[in-house]
Amino acid sequence: MKKELKKPFVSSLDLNAEEIQLVLKEKIQEENEYVVKNITKKDVISEEKILKNLKYEENKINIVSLFSGAGGLDLGIELAGLSVKYGEDKAYKFIKDRSSYEKIRENGLVNFLYSNDIFESSNQTYKANFPDTVAKIEKDIKKIASFPKSDLMLGGFPCPGFSSAGPRLLDDPRNFLYIHYIRALIQSKPAFFIAENVKGLMTIGKGETLKQIKEDFESAGYDVSVNLVNSRDYGVPQLRERVFIIGVRNDIQKKYGFEYVLPNPTHDGKIKPFVTLKEAIGDLPLKAVDVFESSYSSIYMSRNRKKTWEDQSFTIQASGRQAPMHPHGLPMKKISKDKWTFEGEFNRRLSVRECARIQTFPDWFEFSGGEKDSVSLSHKLNEQYKQIGNAVPVYLAEKISRPIIEFMSKKML
């Protein structure tokens, strides 16, 4: 029997607007058909048991977290609840010490009910850092039949083909996991949702992809806004541009007249200086054991990878191999077009803990490298870099979500 050849993925650069729409609609239909064909009666029964045992809290904001990863977005939302209740200064002070934070987090405004991610190490990290009352579902979201009711839904749905750093593949099936986020919304009916994604989402498919995504979220019964932000404008020591898709359920919007407005930047580089690498990681030892060590590819060496102590970091990526260089020592030197070299004796990648600091995770936050004894140290470290790079910076999540948490605490609790 002749093996069927896979069709090559379609590049958004090769299509016009009408062709892009046809590709998008075809892929959306495929995702919906997949659910119908692959979810079994056994899946449904198993999920019903989980949903019956969820621990709702009447006077808190009950949260469902999808594509939760290590939990950067979740921790930021929890911190927002504490900022609203106790004030920002007190909340940010307490999060730095785990024992102090554990005492205060119990009295916060949010309650995490249910979280889903397909990756084992991410789930291990989440379990180690969030209350054990959360139902942690390690399962492909495509195979989940039933989602619980909630007040707020979170999730940064993966879209690797949308990244401006990648090949911009329009019909990569991983780009359509947002359809399952919408399935969850329709079942869960939260008052609000927050979704985060890469900046490239705004330009792939000549803007038609984002237009389609926004329309799909709106069709689920939500007023939707799209917001592009740079993390450094909100106290994160990193140049990281991301898109936040914010939704308010139509009846809530109509009843209260709530419209999400992006908070004003807290840092502008002038009146309030941006947070520097020196402030973020300057107290950590130069000799670190949690550093991914390997050769540097020609692509890596094709541009500067080393910021100064007074700068903000390059974007922390989901790969140990692609981690930026530590700022200590001499700067890199350009020797020809698309070719740089290291100078001096001190040149290493940022460590796992340094990357976590730059992503504004507290030092007590533990990252799993997986449980398999046979896995190499470099693999385990890379699992940690991956989780950190995929996460939403905690402080950014806190700032972006605070208007929603504040509104819900005043009007809905």
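Every value quoted in this text rests on a predicted model; they were computed, and no experiment measured them.

Moving on, we get to the pairing of strand β4 (residues 152-155). By the alternation rule, side chains of β4 split into L152 and L154 and M153 and G155, which are all buried. As paired elements, strand β1 (residues 61-66) and β4 share four bridges and run parallel to each other. Paired with V64 across the two strands is M153, which belongs to β4. Pairing of β4 with strand β5 (residues 192-198), which is carried by four bridges, proceeds in the parallel orientation. Looking at β5, one finds that G155 is bridged to A195.

Further remarks concern the packing of helix α3 (residues 72-86) against helix α13 (residues 394-411). What describes two packed helices is the angle between their axes and the distance between those same axes. Two elements in contact, α3 and α13, have axes whose closest approach is 7 Å; the angle formed by their N-to-C orientations is 50 degrees. One way to sum up the angle between α3 and α13 is to call them oblique. The handedness of the crossing between α3 and α13 comes out as right-handed. Contacts between α3 and α13 involve G72, L73, L75, G76, I77, L79, A80, G81, S83 and V84 from the former and V394, Y395, A397, E398, S401, R402, I405, E406 and S409 from the latter. Across the contact of α3 with α13, the residue classes break down as 10 nonpolar, six polar and three charged.

What counts, and where the lines are drawn
- Residues numbered from 1 in each chain as written.
- Predicted model: local features only at pLDDT ≥ 70, side-chain atom pairs only at ≥ 80, totals over all residues.
- Heavy atoms only, no water.
- Buried < 20%, exposed > 50% of the residue type's maximum accessible area, 1.4 Å probe, protein only.
- Helix = DSSP H or I, 4+ residues; strand = E, 2+ residues; numbered from the N terminus.
- Pairing = 2+ DSSP bridges.
- Axes fitted to C-alpha atoms, helices over the stretch in contact; angles between N-to-C directions.
- Parallel < 35°, antiparallel > 145°, perpendicular 65-115°, else oblique.
- Left-handed = near helix turned anticlockwise from the far one by under 90°.
- Contact = heavy atoms within 4.5 Å.
- Nonpolar A, V, L, I, M, F, W, Y, C, P; charged D, E, K, R; others polar.

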